[in-house]
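Summary of the model geometry
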Amino acid sequence: MAPRKNFRNQAKKEVKPAAVVNKNGVKVEASVAASGGGFSGTKIFTWFMVLALLGVWSSVAVVWFDLVDYDNVIERAKEFRFNFSEVLQGKLSAYDADGDGDFDVEDAKVLLGLKERPVSVLLREAKEESAVKEPDDSRDEATHPYEDENNAIDMKGELVEKAQPQQTLEESKQYKNQPGSPETKETEAESVPEPEADVEPEVESVPELEAEFVPELKENAEDQPKDKLKEKAKKKKPKLLNKFEKTIKTEIDAAEKLRKKGKVEEAVRAFETLVLQYPQSPRCRYGKALAEDGLAEKMLSNDMLQKAIGTYKEASELPNATPDLIKATLKKRAERQQFLGRMRGALATLEKLVQIFPEDMALKNDLGVAHLLIGDNNSAKRVYEEVLATAPSDGFAKVHYGFILKSENKIAESIPFLRDGLESGDPGTDDGRFYFHLGDALQRMGDDSAYKWYERGHQRGHFASVWQRSLYNVDGLKAQPWWTPKDTGYMDLVKTLERNWRIIRDEAQSVMDKTTGLFVPEEENLREKGEWGQFTLWQQGKKAGESCRSVPKTCGLLERYPEATGCKRGQIKFSVMQPGTHVWPHTGPTNCRLRMHLGLVIPKTGCKIRCTNDTRAWEEGKVLIFDDSFEHEVWQDADSYRLIFIVDVWHPELTQYQRQTLSPI
């Protein structure tokens, strides 16, 4: 190229004059000495530097169709660390960004960010970097089990996956085209620990595949010293490379390094190149899947994630895949299927894993969770019974088995499993839902130690306080059990309800005829005894059209109050409770709403509601407002029915954006 020729020719033609010694005894060039020092060596250096930089950055000037500013050139020269001696000798290949052997306009485009660097160059550089420090490839050849993935159980007794991250996720966990939810304590999908290739130590790595405790050690833990247990339970790195792949390890590591540095687009291209070169390599295919997975997260693309799920499957089915790679690939595939809400697909993947690795209790635990996610509690129960028959001290299996027993209303039987599972400290047990259900079971048995477990759950960060035990929360919202209309800012709504309470009461009584079947029994297993029926007008921000046709005036009154009708985390409904009913102490699922109770038909005595340690009574035509994320309890000991109108509203401190983006409950 012209700049190189110019620099090279100039260097050859330059004749260095003889040196003389000045009066200070320092050698200087003859021309400088003769001129009395007026033309110093420093100026010569500066002159050549300017010429060199002019030549190099002329390519940049061509790209931008503009002249080069000297100050800018010098700064860019510093940035790319030009060496003056290299410039004089024409050694510009160090700045060859596109790999064609010289520095030209195309290189300038790359340096200015106008063009991507070729995959071949990226792989070459990564290989050179890897060659500097190669890790020891000697390792244990044994297969190591995974650490279990945590899952979550909601407050109504339904198991929900934790999403990733990421993940909150009472609905299917999919990437959205809008910014994420502002919630800070929503249930999120936890990523399965990600096994990696043997990447250089200097690369910052994501969490690696971890081995869980050997079941025999857990069963006989009491007979062994604690220090020996810890020593034997050390995590080991999985073996992901087969015999052939060890010969191309440097190439795999180079592509993997791009992925770990967050250059997912380049990593996808690099692994695609490797897959084309080595189509029968499971590790190359697995690397491609991981890169596509990372790109899906960056793009928030469900389509790209679906592509990654397919590539995981391809990698697991290739011949000569190591057991560890098969396990890592299928486990990751199942986790991402769950993230997309493909619960039955994830179940099938986990069933295949358990068939391949029948001795792995962690995989069986995950299989049990997959059954719970599709509502198949009976199959989940059988899985956990199998796990506990083999590993009776498995804490993860215990808490989930205890949860299933409690959902079957086997309250007393559930307590030891929930308690022992939490006390085990095993991965996946430190979850607010298990503290919640254990405390609830103890309360129903009249055991005051429930509050000890609530306190422990609070200390572990699962509950806002011992009293406020909701699990789907937004941090920072004002928290108090009882509210006044003025506190809420919804004065107009309260006045409308109280002004029209008789109209609302009359419409409710008109649909209370049991032959219509409009009032349905409470189905959340909150009653100790008695009868409690409800008639819903809005649910999760959606209007029940058929119900509203039965009470048109009531629905008409509410239409202009979006804080109520648009509350996706609440309901609007009539509630009728018959004499002799007791509702267990319980909490609502979220701190994002407040609950209004309008008294319609209230017996003179015997009906009361407690929220925390403050007990109150309803009045006809008056609104009570409380935060049902705090513990509350209801008694109906009157001699006639009690009828109220329940209106849930958004917490007043939620922003409009939060109200639009929070997921429904």
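Residues numbered from 1 in each chain as written. Predicted model: local features only at pLDDT ≥ 70, side-chain atom pairs only at ≥ 80, totals over all residues. Heavy atoms only, no water.

The protein chain is annotated in an unreviewed UniProt entry as Aspartate beta-hydroxylase from Oncorhynchus kisutch. Per UniProt, the comment on the protein chain under Sequence similarities (unreviewed entry) is "Belongs to the aspartyl/asparaginyl beta-hydroxylase family." (UniProt positions renumbered as here; feature names shortened; annotations may be inferred.)

1. Re the environment of Arg 527
Position of Arg 527 relative to the elements: it lies in strand β7 (residues 527-529). Sequence separation between Arg 527 and Trp 584 is 57 residues, and the spatial gap between their C-alpha atoms is 5.8 Å. What Arg 527 contacts, discounting residues up to four positions off in sequence, is Pro 521, Glu 522, Trp 532, Thr 581, His 582, Val 583 and Trp 584. Polar contacts involving the side chain of Arg 527 include one to the main-chain carbonyl oxygen of Gly 530, which spans 3.0 Å. (Helix = DSSP H or I, 4+ residues; strand = E, 2+ residues; numbered from the N terminus. Contact = heavy atoms within 4.5 Å. Polar contact = N/O pair within 3.5 Å; in protein donor to acceptor, adjacent residues only side chain to side chain.)

2. Digging into helix α22 (residues 450-459)
For α22, the full list of buried residues reads Ala 450, Trp 453, Tyr 454 and Gly 457. Within α22, the buried residues cover an arc of 105° as seen down the axis, which keeps them to one side. Against the buried residues of α22 lie α20 (411-424) and α21 (432-444). Positive phi shows up at Gly 461, right after α22, with a value of about 90°. (Buried < 20%, exposed > 50% of the residue type's maximum accessible area, 1.4 Å probe, protein only. Arc of directions from axis to C-beta.)

3. Digging into the state of the cysteines
Considering all chains together, one arrives at one disulfide under this definition. Disulfide partner of Cys 548: Cys 555, at an S-S distance of 2.1 Å. Taking the sign of the S-S torsion, about -80° here, the bridge from Cys 548 to Cys 555 comes out left-handed. The pair formed by Cys 548 and Cys 555 is uniform in burial state, with each residue classed as buried. Here Cys 592 stays unpaired: no disulfide links it, and the sulfur of Cys 567, its closest cysteine neighbor, is 8.5 Å away. Look at Cys 592 and you get buried, because its relative accessible area is 0%. (Disulfide = S-S within 2.5 Å.)

4. Quick look at helix α12 (residues 264-277)
Taking 1.5 Å of rise per residue, the 14 residues of α12 would be expected to cover 20 Å, and the 20 Å separating its terminal C-alpha atoms lies within 8% of that figure. Considered for burial, the residues of α12 that qualify are Val 264, Ala 267, Val 268, Ala 270, Phe 271, Leu 274 and Val 275. An end-on view of α12 places all buried positions within 165° of arc, on one side of the element. (Expected span 1.5 Å × (residues − 1).)

5. Brief notes about unusual backbone geometry
Even without being glycine, Leu 300 reaches a positive phi, approximately 55°. Tracing the chain through its elements places Leu 300 in the loop between α13 (282-299) and α14 (302-317). Note on Leu 300: relative accessible area 38%, which makes it partly exposed. Residue Asn 409 is not a glycine yet carries a positive backbone phi of 65°. Here Asn 409 lies in the loop between α19 (395-407) and α20.

6. Regarding the pairing of strand β12 (residues 593-601)
Most of β12 is tucked away, with nine of its nine residues classed as buried. When β12 meets strand β17 (residues 642-650), the two strands line up antiparallel, connected through eight bridges. Bridged to Leu 594 within β17 is Val 649. For β12 and strand β15 (residues 623-626), the ladder comprises four bridges, and the chain directions are antiparallel. Within β15, the position partnered with His 597 by the bridge is Leu 624. (Pairing = 2+ DSSP bridges.)

7. Overview of the pairing of β15
Of the two faces of β15, both are covered, the one formed by Val 623 and Ile 625 as well as the one formed by Leu 624 and Phe 626. Across two bridges, strand β5 (residues 482-483) lies against β15 in antiparallel orientation. The residue of β15 that forms the bridge with Trp 482 is Phe 626.

8. Focus: the packing of aromatic side chains
Counting across every chain of the model gives 11 aromatic pairs. When the centroid spacing of 6.0 Å and the interplanar angle of 65° are considered together, the rings of Tyr 451 and Trp 467 count as edge-to-face. Placement of Tyr 451 in helix α22 and of Trp 467 in the loop between α22 and β5 is noted, with a sequence separation of 16 residues between them. Here the aromatic cluster, defined as three or more aromatic residues joined through ring pairs, consists of Tyr 451, Tyr 454, Phe 463 and Trp 467. Lying across the ring of Trp 483, Lys 478 places its NZ or CZ 5.2 Å from the centre. (Phe/Tyr/Trp six-rings, centres within 6.5 Å; stacked < 30°, edge-to-face > 60°. Lys NZ or Arg CZ within 6 Å of the ring centre and 35° of its normal.)

9. Notes on the packing of α19 against α21
Between two packed helices, what matters for the description is the angle formed by their axes and the separation of those axes. In the contact formed by α19 and α21, the axes pass within 11 Å of each other and the chain directions differ by 45°. Relative to α21, the element α19 lies oblique. When you trace α19 past α21, the crossing you get is left-handed. In contact with Val 399, His 400, Phe 403 and Lys 406 of α19, α21 contributes Phe 434, His 437, Asp 440 and Ala 441. Partitioning the contact of α19 with α21 into residue classes produces four nonpolar, two polar and two charged. (Axes fitted to C-alpha atoms, helices over the stretch in contact; angles between N-to-C directions. Parallel < 35°, antiparallel > 145°, perpendicular 65-115°, else oblique. Left-handed = near helix turned anticlockwise from the far one by under 90°. Nonpolar A, V, L, I, M, F, W, Y, C, P; charged D, E, K, R; others polar.)

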